[in-house]
Amino acid sequence: MSFDDIYKTYWNKVFRICMGYVNDHDWAKDIAQETFVTIWQQLPKFRHEAAIGTWIFRIASNHCLRQIERQNRMPRSEMPEQMAEHNEPSKEPQVQFLYKCIAELPETDRIIISLELEDVKQAEIAKIVGLSETNIRVKVFRIKEKLAKKFEGYED
């Protein structure tokens, strides 16, 4: 599979996984771009020990976790009001709420549900996360229950 094919096939999926982690459109886009730079650099070294999608999603989740860790180490300061950007990408309110809810989950749950939403097989998710397939099934069920409860509160 050529890099162009990989990019066309996986860009949206990687971006949505990043959105699940950071819940910020621009930041997710940056992380997705970094992910594809790494994929491009490492593609010749890909050993085909796992499915290419599993490998790509692992790279994406590692990039997300590293970015979150870096952000948490850096002191935060507010942007002056006149410099702040106010152009929030237009998304359906329910989708924005879903990303917000996913971003509030623990890290492992975020990657599991993000991959589940991308229709990644649970066996592959288990390999990416390092848990058993049975454990993934249980976690997916519990995460969906948590998100459903949050949506019940959202719709009221």
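Residues numbered from 1 in each chain as written. Predicted model: local features only at pLDDT ≥ 70, side-chain atom pairs only at ≥ 80, totals over all residues. Heavy atoms only, no water.

Enquirer: What am I meant to see in the pattern of salt bridges here?
Expert: Pairing between side chains becomes possible if they bear opposite charge and their charged atoms approach one another. Summed over all chains, the structure comprises 8 salt bridges. In this structure, Asp-109 engages Lys-139 in a salt bridge whose closest nitrogen and oxygen atoms are separated by 3.5 Å. On the criterion of sequence distance, the pair formed by Asp-109 in helix α5 (residues 107-117) and Lys-139 in helix α7 (residues 133-155) is long-range, its members being 30 residues apart. According to the relative accessible area criterion, Asp-109 is buried, its value standing at 8%. By relative accessible area, which is 24% here, Lys-139 ends up partly exposed. A salt bridge links Lys-146 to Asp-109; the nearest nitrogen and oxygen atoms lie 3.6 Å apart. Here Lys-146, found in helix α7, pairs with Asp-109, found in helix α5; they are 37 residues apart in sequence, far enough to count as distant. (Salt bridge = Lys/Arg side-chain N within 4 Å of Asp/Glu carboxyl O. Helix = DSSP H or I, 4+ residues; strand = E, 2+ residues; numbered from the N terminus. Buried < 20%, exposed > 50% of the residue type's maximum accessible area, 1.4 Å probe, protein only.)

Enquirer: I would appreciate a short explanation of the environment of Gln-94 in the present structure.
Expert: With respect to the element layout, Gln-94 can be found in helix α4 (residues 93-103). For Gln-94 and Tyr-154, which are 60 residues apart along the polypeptide, the C-alpha to C-alpha distance reads 8.7 Å.

Enquirer: Just to check I follow, could you spell out the nonpolar core for this structure?
Expert: Inside soluble globular proteins, nonpolar side chains tend to come together where they are buried. Formed by 43 residues in total, the largest nonpolar core has its most connected members in Tyr-10, Val-14, Ile-56 and Leu-115. At the level of secondary structure, the elements contributing two or more residues to this core comprise α1 (3-22), α2 (25-42), α3 (52-73), α4, α5, α6 (122-129) and α7. With 10 residues, α1 is the largest single contributor of residues to this core. (Core = buried A, V, L, I, M, F, W, Y, C linked by side-chain atoms within 4.5 Å.)

Enquirer: For this particular structure, what's the right way to read the packing of aromatic side chains?
Expert: The relation between two aromatic rings is expressed through the spacing of the ring centres and the mutual angle of the planes. According to the stated counting rule, one finds 9 aromatic pairs in the structure shown. Taken together, a centroid distance of 6.3 Å and an interplanar angle of 40 degrees make the contact between Phe-3 and Tyr-7 tilted. With Phe-3 and Tyr-7 both in helix α1 and 4 residues apart, this pair spans about one turn of that helix. We classify Phe-3 as partly exposed; its relative accessible area is 22%. Where Trp-11 meets Phe-36, the ring centres are 5.7 Å apart and the plane angle is 40 degrees; that geometry is what we call tilted. Taken together, the residues span a long stretch of sequence, with Trp-11 in helix α1 and Phe-36 in helix α2 at a distance of 25 residues. The two residues Trp-11 and Phe-36 agree in class, both being buried. The rings of Phe-3, Tyr-7, Trp-11, Phe-15 and Phe-36 are connected pair by pair, giving a single aromatic cluster. (Phe/Tyr/Trp six-rings, centres within 6.5 Å; stacked < 30°, edge-to-face > 60°.)

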